[in-house]
Every structure is written in structure tokens, then in C-alpha cells.
Amino acid sequence: QVQLVESGGGLVQAGESLRLACAASGSISSHSMGWWRQGLQKEVEQVATISAAGSTWYAGSVKGRFTITRDNDKRTLYLQMNRLKPEDTAMYFCSGWREYNDPVARGQYWGQGTQVTVPS
């Protein structure tokens, strides 16, 4: 099973940018990947996803500000976050899964998270 480790989090001012990285221990080229976040309300929100073919999806709250990319050769997933807002403050988690219709067969796996803080 692939292991994931997030990095790049930190404290930034509103309006500034930050890039998160998710390094994988094995090949991710055939997997879909994504980012989730957990804020103060403790609910987990799906932020962005990218398929093995490169198609992307974004939550309405981040669309136009965040960009998800992947580098399969470096076995790394990225999340470029621009024009950050206080409401973006959360623990950010990356995840990967196999592209099967059966949710169980997808074998979703997770990193341990990296904190992003944007003070008001």
C-alpha cells in the first residue's frame, strides 16, 4: 500500500499564497488523488481532486483560487493555494484511490495532514 506524507503548511496572511505537497512512497500514476480539509467545525470537506488522466474538480469555496496538480515521476501531489482567506484555516489531508466503480475496491488511503492557518 502507498504511504502519503503532506508538507508545506504554515501560517500566512490573508491574500497570500501557499503550496502544499503530498509525497507518496510508491507509484501513484494509475490513481486518482485529492485534498480534503478539516476546520474548526471538525467536518471534513473535499477540496479538490485529480484523476489519473488529469481531469480536475474543485469545491465551490476554493474554485478560482486553488489549483491541484500532480507529478507522477516525482510521486507527488500538489495544491497551490492563492488569495487565502481566514476560512481556509484547517488541517489539510491528501488521499489517493484506485479508479474502480466499487468504492470498496478503490482502496482509499490517506496522509496524516498538514496545518494551514490564515489569521483574520
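In short, a report on the structure. (Residues numbered from 1 in each chain as written. Predicted model: local features only at pLDDT ≥ 70, side-chain atom pairs only at ≥ 80, totals over all residues. Heavy atoms only, no water.)

The computed volume of the largest pocket comes to approximately 160 Å³. In terms of residue class, the lining of the largest pocket is built from three nonpolar, four polar and five charged. (1 Å grid on protein atoms, 1.4 Å probe; cavity = no way out; pocket = protein on both sides within 12 Å on 5 of 7 lines; lining within 4 Å. Points joined across faces, edges and corners; volume = space filled by probe spheres on them. Nonpolar A, V, L, I, M, F, W, Y, C, P; charged D, E, K, R; others polar.)

In this structure, Lys42 is a non-glycine residue whose phi angle is positive, near 70°. Following the sequence through the fold, Lys42 ends up in the loop between β4 (31-38) and β5 (44-50). On the basis of relative accessibility, which here comes to 65%, the residue Lys42 falls in the exposed class. At Arg75, a position not held by glycine, the phi torsion is positive, near 55°. Assignment of secondary structure puts Arg75 in the loop between β7 (66-71) and β8 (76-81). By relative accessible area, which is 36% here, Arg75 ends up partly exposed. (Helix = DSSP H or I, 4+ residues; strand = E, 2+ residues; numbered from the N terminus. Buried < 20%, exposed > 50% of the residue type's maximum accessible area, 1.4 Å probe, protein only.)

Counting residues in each nonpolar core, the largest one holds 28 residues, and the members touching the most others are Trp35, Leu79, Met81 and Tyr92. Counting residues per element, the ones that place at least two in this core are β3 (18-24), β4, β5, β7, β8 and β9 (90-98). Considering every element that reaches this core, the biggest residue donor is β3, with four residues. Among all residues touching Met81, those that are not within four sequence positions of it are Glu16, Ser17, Leu18, Leu20, Arg65, Phe66, Tyr92 and Val116. (Core = buried A, V, L, I, M, F, W, Y, C linked by side-chain atoms within 4.5 Å. Contact = heavy atoms within 4.5 Å.)

Further remarks concern the pattern of salt bridges. Scanning all chains against the criterion turns up three salt bridges. Arg37 is the partner of Glu45 in a salt bridge, and the nearest nitrogen-oxygen pair spans 2.8 Å. On the basis of relative accessible area, Glu45 is assigned to the partly exposed category, the value being 29%. Of the charged contacts in the structure, one is a salt bridge between Asp88 and Arg65, with a shortest N-O distance of 2.8 Å. In this pair, Asp88 is assigned in the loop between β8 and β9 and Arg65 in the loop between β6 (56-58) and β7, connecting sequence segments 23 residues apart. Look at the salt bridges and you will find they share partners, linking Arg37, Glu45, Arg65 and Asp88 into a network. (Salt bridge = Lys/Arg side-chain N within 4 Å of Asp/Glu carboxyl O.)

Relative to the helices and strands, Glu6 resides in strand β1 (residues 4-7). Here the side chain of Glu6 touches Cys94 through a polar contact of 2.9 Å, landing on its backbone nitrogen. Among the polar contacts made by the side chain of Glu6, one reaches the main-chain amide nitrogen of Gly113 at a distance of 2.8 Å. Not counting residues within four places of it along the chain, the set of residues in contact with Glu6 comprises Ala21, Cys22, Trp35, Tyr92, Phe93, Cys94, Gly111, Gln112, Gly113 and Thr114. (Polar contact = N/O pair within 3.5 Å; in protein donor to acceptor, adjacent residues only side chain to side chain.)

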